[in-house]
Every structure is written in C-alpha cells, then in structure tokens.
Amino acid sequence: MNHGKITLAKFVGSLIGTAIGDSLGAGREGFSGFKKVREVGTRYTDDTAMMIGVAESLIQCQGFDGEHMAKTFIRNYEREPWRGYGAGPPRVFSLIKQGVSWDKAAESIYPGGSFGNGAAMRIAPIGLLYWEDREKLREIAYKSSRITHTHSLGAEGAALEAYAIVLALKEEPKFLDKLRDFTKLEPYKRKLESVEKLLDRKEDRKEIVAELGNGIEALNSVPAAIYSFLANSSFSEAVVYAASLGGDADTIGAMAGAIAGAWWGVTEIPNAWQKKLENREYIEDLARGLWKMKEIKTY
Ligand code: F2R
Ligand code: MG
Ligand code: MG
C-alpha cells in the first residue's frame, strides 16, 4: 500500500537531507557529550561525497554496475581525498587500482570484511530508485555494499537504511514493524525492538546511546538514525537530534537526514540550511536524474 504520493520533492529531500545531516554533524564527529548543533557547516564529508558517487554511477549507467560505481568512488576520492574517509575505502580503492575485482577487493581489508557504516551512509540513491521491489532493493543494496563492505552487518545496515528510505518515501504506517520484518539478521531485529521500547519510554539521550550506540559500526549507528527520525516530528528536529548524539554524528545525521528528507520532502528543509549547503544545485540535479529514471523506468 502506498500512503504518500511519491514526488520529486521527496527524491530531492532525501539527497539534500543526507548532505544537510552530514554537514550539521560534521563538527561533532568523534565527540562525546550531547550538544545540539543548529548550524550547517561549510563542508560535507565522505558520507555525501560517496552518496554523490552512488547517484552519479546509477545515472550514468541507467542502473547498477558495480565496476563503474567502484571506479566512480575512486575518481571522486582522488579528487577530494580530504573529505574524511574511513580507513577502509582508500585501501579498497588501491587494491582495485592494482587489478583486484570490484567485488573481491574489500574481502581482505578486515577479518570477515568491514562492518563499518560506510555502505549505509551513502545508500539514499538506491533507496529512491529501487523503491518498488523490496527484494530487488535488498539485492542492489548488498551488491553496492560489496564494493567496500563485505561483512554481513555492514551490508545489512545498508539494506535496512535503504528500506527505511523507501518506507519514508511512501509514508508507510507501521514503519518499525515493516523494518523488523525486512531485516534478516537477529542483531538488527533486537536493536529495532529497543528502538520501539525507547520510543514508548521517551528516554534521554544518554540512555538512547547506551542502548542503540552512536559508533562507526553500522549496527551501532543505523538504528540510532532510525530512532532519530521516528522520535521527532519535523526534518529539522530529526537531524538536529541525530547530530546531537555525538560519536559518529555526521553519519547518524546523514542517515537520519536521508530518511527524514524522503518523508517530508525538500520543501520542509530550512532555506537557510539549503543556502549554506555546498554543491546544493548539483545534488538536486542528481535527484532529478534519478527521478527521470523512475519516470521512464530505464533501470
Ligand atoms: N573516517 C571518519 N571519521 C574519522 C575522522 C575524520 C576526520 N574528521 C577527518 O576529517 O579526517 N568518518 C567516516 O568514516 C565512517 C565510515 O567508515 P567506513 O567507510 O565504514 O570505513 P571502514 O574502515 O570500512 O570501517 C570503519 C571502522 O570500523 C571498524 N571496523 C570495520 N570492520 C571491522 C572488522 N571486521 N573488524 C574490526 N574493526 C572493524 C574499524 O575501526 C574501521 O576503521 C563514517 O563515520 C564516515 O563519516
Ligand atoms: Mg563522514
Ligand atoms: Mg561519520
């Protein structure tokens, strides 16, 4: 069932929302303590740079092509290596440049592959494009994760974040039930049960972080982003809350912003923030490119 009309404003909202949440949290990344940040910084970080790479590749290939997406990530990283990338992706890029296949390179960089949140933080364009078919969405989310994150917890975090974006696009009721039904991994099911309990109890942020986490691991940040969206009733409140959790603040902000932007649309994102956002027009163009693909179904 589709309760909300899927609109261009929602597509633009999800991509701009990623970048706004990232830019809001960027100055708080790595800090402990709960400080509300209401100023969008002058720069976004690797979260948005990689989300842009996902969108660019999907549009150029008119669908998912793993090798092309990996090469797009590498090109963008080499242009702007100072965006604050995690330790793993540059090592993966170097292996791919040495000739290792795009879907194998990330296997060796950590035991079992990376369970960091780097595949989840960039996933918004995949949520937007593959909204119609839950299993196709899961397949493409896993495949796109493989470029850098082969651990099941890293890939599942990306698929869960992508599905949360789909539910937001459609303004689905029973949001948490649907997420719990979607995820295949018990650790995520348990975190989503905690999200539900915490929403009922309206706990303070110390308790939220103690239960859900605020770290660089996908399992310790995707649930916090989902909670930040569900516990607040506007785009601004959701991203300010997410970025205020400290820890991996830019990434929790980016992921909450992607979901909140898909629900409320770009018109609900404060103009003052949008004016300050780096490369705002280009990010909107990418959302328009994905929208066009949705309209003519070229993927
Ligand atoms: N890198 C950062 N922040 C560091 C400081 C940036 C600074 N402000 C600056 O400007 O320089 N942020 C970005 O990285 C996160 C996404 O990381 P990603 O892409 O998942 O990287 P990686 O290396 O794959 O994983 C992150 C860490 O997780 C731990 N880890 C992952 N898998 C593991 C395994 N199998 N075993 C043990 N540890 C594992 C490692 O500590 C990795 O370094 C985002 O926050 C983005 O904003
Ligand atoms: Mg970052
Ligand atoms: Mg981060």
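Residues numbered from 1 in each chain as written. Chains lettered and ligands numbered in written order. Predicted model: local features only at pLDDT ≥ 70, side-chain atom pairs only at ≥ 80, totals over all residues. Heavy atoms only, no water.

(A) A look at the overall build of the protein. Regarding its fold elements, the protein presents 15 helices and zero strands. Projected onto its principal axes, the C-alpha coordinates of the protein cover approximately 50 × 40 × 40 Å. The 299 residues of the protein split such that 59% are buried. Long-range pairs, those at least 24 residues apart, make up 72% of the contacts in the protein with a sequence separation of at least 6. Surface summary for the protein: the accessible area is close to 11800 Å², and the carbon and sulfur share equals 51%. Each charge class in the protein was averaged separately, 40 positive and 40 negative side chains, and the resulting centres sit 1 Å apart. (Helix = DSSP H or I, 4+ residues; strand = E, 2+ residues; numbered from the N terminus. Buried < 20%, exposed > 50% of the residue type's maximum accessible area, 1.4 Å probe, protein only. Contact = heavy atoms within 4.5 Å. Areas by Shrake-Rupley, 256 points an atom, 1.4 Å probe, with all protein chains shown as cover. Lys, Arg positive; Asp, Glu negative; His and termini not counted. Charge placed at Lys NZ, Arg CZ, Asp CG, Glu CD.)

(B) Region of the structure containing the coordination of the magnesium ion (ligand 3). Protein ligation of the magnesium ion (ligand 3) involves Glu29 (OE), Asp248 (OD), Asp250 (OD) and Thr251 (OG1), the donor distances falling in the range 2.0 to 2.3 Å. Coordination geometry of the magnesium ion (ligand 3): the six donor atoms subtend angles of 78 to 179° at the metal centre, consistent with an arrangement described as octahedral. Read from N- to C-terminus, the donor residues coordinating the magnesium ion (ligand 3) fall into the pattern E-x218-D-x1-D-T. Separating the magnesium ion (ligand 3) and the magnesium ion (ligand 2) is a distance of 3.6 Å, and Asp250 donates to both of them. With Glu29 in the loop between helix H1 (8-25) and helix H2 (46-61) and Asp250 in helix H13 (residues 249-264), this residue pair connects regions lying 221 residues apart in the sequence. Residue Glu29 is classed as partly exposed on the basis of its relative accessible area of 38%. On the basis of relative accessibility, which here comes to 0%, the residue Asp250 falls in the buried class. (Donors = N, O, S within 2.8 Å, 3.2 Å for Na, K, Ca; no water. Tetrahedral: all angles 85-135°; square planar, octahedral: opposite > 155°, others 65-115°.)

(C) Region of interest: the side chain of Thr183. Examined against the element boundaries, Thr183 turns out to sit in the loop between helix H8 (175-182) and helix H9 (186-201). A polar contact is formed between the side chain of Thr183 and the side chain of Glu156, at a distance of 2.8 Å. The contacts of Thr183, once residues within four sequence positions are left out, are Glu156, Leu160, Tyr188, Lys189 and Leu192. (Polar contact = N/O pair within 3.5 Å; in protein donor to acceptor, adjacent residues only side chain to side chain.)

(D) The arrangement of unusual backbone geometry in detail. One non-glycine residue, Gln62, lies in the positive phi region at around 55°. Since its relative accessible area comes to 31%, Gln62 is described here as partly exposed.

(E) Highlighting the coordination of the magnesium ion (ligand 2). Bound to the magnesium ion (ligand 2) are the protein donor atoms Thr45 (OG1), Asp46 (OD), Asp47 (OD) and Asp250 (OD), situated 2.0 to 2.3 Å from the metal. Counting the intervening residues between successive donors of the magnesium ion (ligand 2) yields the motif T-D-D-x202-D.

(F) Local environment of the site of ligand 1. Around ligand 1, a shell composed of 23 residues is seen, among which Gly88, Tyr110, Ser114, His149 and Asp248 lie nearest. Burial of ligand 1 by the protein amounts to 69% of the accessible area it has alone, namely 930 Å². At the level of elements, H2, helix H4 (88-97) and H13 are the ones that each hand at least two residues to the shell around ligand 1. Residues belonging to the shell around ligand 1 are distributed by class as follows: eight nonpolar, ten polar and five charged. (Near = heavy atom within 4 Å. Nonpolar A, V, L, I, M, F, W, Y, C, P; charged D, E, K, R; others polar.)

(G) Focus on the packing of helix H3 (residues 66-79) against H4. Running from N to C, H3 and H4 cross one another at 115°; their axes reach a closest spacing of 10 Å. Here H3 and H4 pass one another in a crossing that is left-handed. For the pair formed by H3 and H4, the contact residues are Ala70, Phe73, Ile74, Tyr77 and Glu78 on the first element and Pro90, Phe93, Ile96 and Lys97 on the second. Each residue belonging to the contact of H3 with H4 can be placed in one class, and the counts come to seven nonpolar, no polar and two charged. (Axes fitted to C-alpha atoms, helices over the stretch in contact; angles between N-to-C directions. Left-handed = near helix turned anticlockwise from the far one by under 90°.)

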